[in-house]
Amino acid sequence: MPANLAVVPEVRFSDGRNTAEAAPADPQLIKECEAWLNGLSDEFLACYRNHNFPKLYAKNGKFPKGVSAKPVPEVRGHFQIWQRCRDCGIKRWYTCTARDIFAVDRRYEYEWPDGYNMPRGGASYITWGMILDERNRRFAEALIGLAA
Ligand SMILES: [Zn+2]
């Protein structure tokens, strides 16, 4: 091993999964992260960073199911657009005018339900790869079984 590389202590969940390796060990937070990942509902796990929000277009004079828009009473000409994830029910919203309903770099606000977000500081211990591993652990066998 080159002498200039620091040795990073290995940090693991109790079932052996590695946490993000650069994080200093915080045993209490590691337990909370493990409980969060193990307790995350299948719907939230499947949707994590990949929600299924309905597209914004009117069809037959109606919004698609899961989309609503309200005028902002305090600011003339502004609207709040709401979208509800078809798969897990999480809601997001933003404010716009009729000229920028669609915009580059749109920023959304979210209503996060209890249990969806990892514990504060958890990103030091839970990597995106770990979330994908958990998806594989829970879903892969059934999906492969359904492949015909
Ligand atoms: Zn979702």
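Presented here is an overview of the structure given in this document. In this text the structure is predicted, and so the values were computed from the model without any measurement.

Considering the environment of K31
Move 1: With respect to the secondary-structure elements, K31 resides in helix α1 (residues 27-39).
Move 2: The class of K31 is partly exposed, set by 13 C-beta atoms lying within 10 Å.
Move 3: In this structure the C-alpha to C-alpha distance between K31 and F13, which are 18 residues apart in sequence, comes to 7.4 Å.

Remarks on the sheet that holds strand β1 (residues 67-71)
Move 1: If you walk across this open sheet you meet the 4 strands as β1-β2-β3-β4, and the pairing is antiparallel. In this open sheet, the two strands that pair with only one neighbour each are β1 and β4 (109-111). Each strand axis lies, on average, 25 degrees off the axis of its neighbour in the sheet, ignoring direction.
Move 2: Where strand β3 (residues 91-97) and β4 come together, 3 bridges link them in antiparallel fashion. Paired with W93 across the bridge in β4 is E109.

Notes on unusual backbone geometry
Negative phi is the rule for most residues except glycine; trans is the rule for most peptide bonds.
Move 1: Of note, N60 is a non-glycine position whose phi angle comes to about 55 degrees, a positive value.
Move 2: With respect to the helices and strands, the residue N60 is situated in the loop between α2 (42-47) and β1.
Move 3: Phi is positive for D105, which is not a glycine, with a value near 60 degrees.
Move 4: If you trace the backbone, D105 turns up in the loop between β3 and β4.

Looking at the pairing of strand β2 (residues 78-84)
Move 1: Where β1 and β2 come together, 5 bridges link them in antiparallel fashion. Counterpart to K70 in the pairing with β2 is Q80.
Move 2: The turn joining β1 and β2, which pair antiparallel and follow one another in sequence, is formed by 6 residues; a positive phi near 85 degrees is taken by G77.
Move 3: Here β2 runs beside β3; their pairing, made up of 7 bridges, is antiparallel. Bridge pairing in β3 places H78 opposite T97.
Move 4: Here β2 hands over to β3 after 6 residues, with G89 in that stretch at a positive phi of 90 degrees.

Basis of the calculations
- Residues numbered from 1 in each chain as written.
- Predicted model: local features only at pLDDT ≥ 70, side-chain atom pairs only at ≥ 80, totals over all residues.
- Helix = DSSP H or I, 4+ residues; strand = E, 2+ residues; numbered from the N terminus.
- Buried ≥ 20, exposed ≤ 12 C-beta atoms within 10 Å, placed from the backbone.
- Pairing = 2+ DSSP bridges.
- Axes fitted to C-alpha atoms, helices over the stretch in contact; angles between N-to-C directions.

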